Amino acid sequence: MRPGALNAASVRPGRAPRGREGAGARGAHWPRRRGPGQAGGRTWSERVRRRQRRRRGRRHGPGPAGTSRRLVSARAARPGPSQHAKPEKDGDKVSEMPLPQKKRWESMAKGLVLGALFTSFLLLLYSYAVPPLHTGLASATPEGTAPCSPAPGEPETVTPANGSAAGCQPRRDIVFMKTHKTASSTLLNILFRFGQKHGLKFAFPNGRNDFDYPAFFARSLVQDYRPGACFNIICNHMRFHYEEVRGLVPPNATFITVLRDPARLFESSFHYFGSVVPFTWKLSSQDKLAEFLQDPDRYYDPNGYNAHYLRNLLFFDLGYDSGLDPGSPQVQEHILEVERRFHLVLLQEYFDESLVLLKDLLCWELEDVLYFKLNARRDPAGPRLSGELYRRATAWNVLDARLYRHFNASFWRKVEAFGRERMAREVATLRRANERMRRICIDGGRAVDAAAIQDSAMQPWQPLGAKSILGYNLKKSIGRRHAQLCRRMLTPEIQYLMDLGVNLWVTKLWKFIRDFLQW
């Protein structure tokens with residue numbers, strides 16, 4: 001008889017094979033057969049069944065006579081490394097699912113639950129940080145009947161429209177309607193510096209760097225607002241609500257804003273805000289802007305999230321319906337209303353000429369309007385809007401185009417009244433002064449990519465998912481005379497607001513989350 005057959009025949013339930021009991025004496029005559037999944041000639045399933053039989057024996061008491069002795073004898077006779085293994089404890093169990101696999105499923109389940117909770121938290125936070133779009137005017141602040149009341153003894157300087165007139169005094173009460181993607185951050189820096197220099201009172205937002213845009217402005221959004229409070233300067237992003245703003249500043253306050261060629265503005269806005277406008281995610285080509293302009297009605301959803309960024313943004317920022325029918329008489333009425341309310345409308349394409357007019361209107365000094373270009377986008381790798389795409393972008397933003405044409409014409413009428421030769425001289429003077437400050441202040445003399453900015457205090461806010469906004473490095477050695485001015489001229493908006501004591505907890509929390517997720 002073959003040895004394998006003898007071994008098989010000698011095995012009984014609850015009893016070790018005879019060959020194994022005598023392994024110490026006759027093991028040399030009984031070869032051990034090992035293979036995959038076997039130990040000492042016994043498969044894993046056989047060992048499991050033996051353990052289950054032993055547990056049943058412990059639960060139901062001693063079995064037939066001799067059973068306990070045979071189990072002990074079989075364990076003692078088990079050859080190989082198992083002779084040195086620790087005995088099993090009474091509570092040991094064998095699960096149908098291997099333990100590592102079970103733990104893996106538990107970890108995955110926990111990860112899904114935590115991920116869902118974290119995502120819900122982010123959505124809740126973002127819904128607070130970016131309020132929903134309101135198509136109608138916000139309800140007036142309850143204290144709307146209490147207009148701004150200047151403090152007793154505060155002088156009210158009333159100057160003519162032309163600041164060069166005799167008896168000119170600097171104007172300090174200013175409302176700047178800050179539009180998007182129009183060099184408005186550069187003008188904001190000018191106003192910050194002037195207000196800080198003269199100790200003026202700003203109306204700042206609370207918790208973030210805008211007045212709950214795209215919701216309409218309301219006085220209650222101002223940090224530390226009290227009924228009857230009076231402010232010198234309002235200049236952060238808002239959706240304009242004239243009556244609410246009017247009640248925060250003295251009656252003689254100067255209202256200004258800035259416009260830009262609508263096609264160029266649309267291009268800039270598309271690149272900056274496109275990633276947070278969901279309907280642009282359907283665009284599949286590499287040049288998404290060109291694809292969109294080929295058939296904008298196919299992709300544009302006027303009720304879509306953040307849709308206002310991609311059509312007639314100037315009209316929207318100024319508080320009007322950006323979806324008005326171009327043929328409606330309301331369009332021209334709104335344009336004329338802007339002309340009545342604003343003392344000066346600057347043009348981004350003629351920024352130096354605009355600052356000369358502003359300096360004259362406000363009766364300021366040359367140093368007050370010096371600037372470096374802030375929040376500028378790195379030149380795109382692809383071509384700018386060409387002829388046909390430019391025409392399409394202008395037609396798509398037709399309300400802004402009509403607004404811009406109107407104020408482009410009025411701007412040059414103001415230049416004519418100021419004097420063309422005089423304007424040329426003052427623009428040249430401003431540019432020389434800016435060039436001098438560039439040599440004094442800027443390390444390397446030019447703007448650099450975000451990755452090359454050495455001081456985090458000079459790092460500008462970046463659009464979601466990109467690092468396309470340029471910044472500056474401040475020179476290490478600057479004379480005491482210019483050190484403060486240089487730093488203020490180069491400080492980005494968010495950091496300057498914090499320097500001025502603005503509560504930006506929502507903005508800072510959002511920045512922390514973006515940095516953590518590397519958005």
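Residues numbered from 1 in each chain as written. Predicted model: local features only at pLDDT ≥ 70, side-chain atom pairs only at ≥ 80, totals over all residues. Heavy atoms only, no water.

The name given to the protein chain in an unreviewed UniProt entry is Galactosylceramide sulfotransferase isoform X1, and the organism recorded there is Equus przewalskii.

Trainee: Where do I start with the overall build of the protein chain in this structure?
Mentor: Helix and strand counts for the protein chain stand at 20 helices and 6 strands. Here the protein chain holds 519 residues, and 45% of them are scored as buried. The long-range share in the protein chain, meaning contacts at least 24 apart out of those at least 6 apart in sequence, stands at 74%. Only carbon and sulfur atoms are counted for the fraction: they give 54% of the accessible area of the protein chain, which is about 28,400 Å². (Helix = DSSP H or I, 4+ residues; strand = E, 2+ residues; numbered from the N terminus. Buried < 20%, exposed > 50% of the residue type's maximum accessible area, 1.4 Å probe, protein only. Contact = heavy atoms within 4.5 Å. Areas by Shrake-Rupley, 256 points an atom, 1.4 Å probe, with all protein chains shown as cover.)

Trainee: Would you take a moment to explain the packing of helix H7 (residues 184-197) against helix H18 (residues 480-490) for this structure?
Mentor: Relative orientation and spacing of two packed helices are given, respectively, by the angle between their axes and the distance between those axes. Taken N-terminus to C-terminus, the directions of H7 and H18 make an angle of 140°; their axes are 9 Å apart at the nearest point. Considered as vectors, H7 and H18 are oriented oblique to each other. Contact residues: H7 offers Asn189, Arg193 and Gln196, while H18 offers Leu485, Arg488 and Met489. Of the residues in the contact of H7 with H18, the class split is 2 nonpolar, 2 polar and 2 charged. (Axes fitted to C-alpha atoms, helices over the stretch in contact; angles between N-to-C directions. Parallel < 35°, antiparallel > 145°, perpendicular 65-115°, else oblique. Nonpolar A, V, L, I, M, F, W, Y, C, P; charged D, E, K, R; others polar.)

Trainee: Looking at this model, I keep getting lost on the state of the cysteines. Mind explaining?
Mentor: Simply put, disulfide is the name for a covalent bond between the sulfur atoms of two cysteines. All chains considered together, the criterion is met by 2 disulfides. One disulfide bridge connects cysteine 168 with cysteine 363, the sulfur atoms lying 1.6 Å from each other. Residue cysteine 168 is located in the loop between helix H6 (99-129) and strand E3 (174-177), and its partner cysteine 363 is located in the loop between helix H14 (351-362) and helix H15 (387-396); the two are separated by 195 residues in the primary sequence. For cysteine 168, a relative accessible area of 25% gives the class partly exposed. Each sulfur of the disulfide joining cysteine 441 and cysteine 486 lies 1.9 Å from the other. (Disulfide = S-S within 2.5 Å.)

Trainee: Got a minute to help me understand the pairing of E3 in this structure?
Mentor: Consecutive side chains of a regular strand alternate in pointing toward one face of the sheet and then the other. Of the two faces of E3, the one holding Ile174 and Phe176 and the one holding Val175 and Met177 are both buried throughout. Where E3 meets strand E4 (residues 233-234), 2 bridges bridge the pair, whose relative direction is parallel. Paired with isoleucine 174 across the bridge in E4 is isoleucine 233. You can see the chain leave E3, run along H7 and come back into E4, and the turn it takes is right-handed. (Pairing = 2+ DSSP bridges. Right-handed = clockwise from strand over helix to strand, strands pointing away.)

Trainee: Any chance you could explain the sheet that holds strand E5 (residues 254-259) here in plain terms?
Mentor: The strands that make up a sheet pair up through hydrogen bonds in the backbone, lying either parallel or antiparallel. A sheet is described by the order of its strands in space; here 4 strands give the open sequence E4-E3-E5-E6, paired in parallel fashion. The open sheet has two free edges, formed respectively by E4 and strand E6 (344-347), since each of these has just one partner strand. Contacts between H14 and the sheet are confined to E3, E5 and E6, with E6 contributing the most and set at about 155° to the helix. Lying on the sheet, helix H16 (residues 398-418) is in contact with E5 and E6; it crosses E6 at an angle near 100°.

Trainee: Explanation requested: the side chain of glutamate 337 in the structure shown.
Mentor: Looking at where glutamate 337 falls in the secondary structure, it is placed in helix H13 (residues 329-341). At a separation of 2.6 Å, a polar atom in the side chain of glutamate 337 contacts the side chain of tyrosine 320. (Polar contact = N/O pair within 3.5 Å; in protein donor to acceptor, adjacent residues only side chain to side chain.)

Trainee: Where do I start with the nonpolar core in this structure?
Mentor: Judged by nonpolar contacts, the single largest core of 115 residues is most densely connected at Leu187, Ile234, Phe266, Phe292 and Leu355. Discounting residues that sit within four places of it in the chain, leucine 187 has contacts with Phe176, Ile256, Leu346, Phe351, Leu355 and Leu358. (Core = buried A, V, L, I, M, F, W, Y, C linked by side-chain atoms within 4.5 Å.)

Trainee: Just to check I follow, could you spell out the environment of alanine 290 for this structure?
Mentor: Relative to the elements of secondary structure, alanine 290 occurs in helix H10 (residues 288-294). On the accessibility criterion, alanine 290 (15% relative accessible area) is buried. Distance in space between the C-alpha atoms of alanine 290 and serine 386 is 10.0 Å, their sequence separation being 96 residues.

Trainee: For this particular structure, what's the right way to read H16?
Mentor: Side chains of residues three or four places apart in an α-helix project in the same direction, reflecting 3.6 residues per turn. Taking 1.5 Å as the rise per residue, H16 with 21 residues should run 30 Å; its terminal C-alpha atoms sit 30 Å apart, in good agreement. Among the residues making up H16, those that are buried are Leu399, Asp400, Ala401, Leu403, Tyr404, His406, Phe407, Ser410, Phe411, Val415 and Phe418. At the exit of H16 stands glycine 419, carrying a positive phi of roughly 110°. (Expected span 1.5 Å × (residues − 1).)

Trainee: I'm lost on the confidence of the model for the protein chain in this one. Help?
Mentor: Caution applies to low-pLDDT regions: their predicted coordinates should not be interpreted in detail. For the protein chain, the average pLDDT comes to 80, and 70% of its residues sit at 70 or higher. This stretch, residues 1-40, has a pLDDT under 50; its non-local contacts, to residues over four places away or in other chains, come to 36 contacts. pLDDT under 50 marks residues 154-165. Its contacts with residues more than four places away, or in other chains, come to 20 contacts. (pLDDT = per-residue confidence, 0-100.)

Trainee: Explain the packing of H7 against H14 to me, please; I cannot follow it from the model alone.
Mentor: Two elements in contact, H7 and H14, have axes separated by 12 Å at closest approach and are oriented at 30°. Classed by the angle they form, the pair H7 and H14 counts as roughly parallel. At the point where H7 passes H14, the crossing takes the right-handed sense. Each of Thr186, Leu187 and Ile190 in H7 lies in contact with H14, whose residues at this interface are Phe351, Leu355 and Leu358. Classifying every residue of the contact of H7 with H14 by side-chain character gives 5 nonpolar, 1 polar and no charged. (Left-handed = near helix turned anticlockwise from the far one by under 90°.)

Trainee: Honestly, the pattern of salt bridges in this entry has me stumped. Any pointers?
Mentor: Side chains that differ in sign of charge can pair as their charged atoms come close. Scanning all chains against the criterion turns up 17 salt bridges. Residue lysine 197 pairs with aspartate 368 through a salt bridge whose shortest N-O separation is 3.2 Å. Of this pair, lysine 197 sits in helix H7 while aspartate 368 is found in the loop between H14 and H15, placing the two residues 171 residues apart along the sequence. Under the relative-accessibility criterion, lysine 197 is labelled partly exposed at 46%. For glutamate 337, the salt bridge is made with arginine 341, and the minimal N-O distance between the two is 3.2 Å. Placement of both glutamate 337 and arginine 341 in helix H13 is noted, with a separation of 4 residues, approximately one turn of the helix. Residue classification places glutamate 337 among the buried positions, given a relative accessible area of 19%. Here the residues in one salt-bridge network are Lys359, Asp360, Arg422 and Glu426, joined through shared partners. (Salt bridge = Lys/Arg side-chain N within 4 Å of Asp/Glu carboxyl O.)

Trainee: Could you clarify how one ought to interpret the pairing of E5 in this entry?
Mentor: The element E5 is extensively covered by neighbouring structure, given that 6 of its 6 residues are classed as buried. Residues Thr254, Ile256 and Val258 line one face of E5 and the alternating positions Phe255, Thr257 and Leu259 line the opposite face, and both faces are buried. As paired elements, E5 and E6 share 4 bridges and run parallel to each other. Counted as the bridge partner of valine 258 is leucine 346 from E6.

Trainee: Could you clarify how one ought to interpret unusual backbone geometry in this entry?
Mentor: Peptide bonds are, in most cases, trans, and in most cases residues other than glycine have a negative phi. Of the consecutive residues tyrosine 213 and proline 214, the connecting peptide bond is found in the cis state with omega at 15°. Inspection of the secondary structure puts proline 214 in the loop between H7 and E4. We note that alanine 183 has phi near 70°; this positive angle belongs to a residue other than glycine. Unusually for a residue other than glycine, aspartate 212 sits at a positive phi of about 55°. Tracing the backbone through its elements, the reader meets aspartate 212 in the loop between H7 and E4. Residue aspartate 212 is classed as partly exposed on the basis of its relative accessible area, which comes to 25%.

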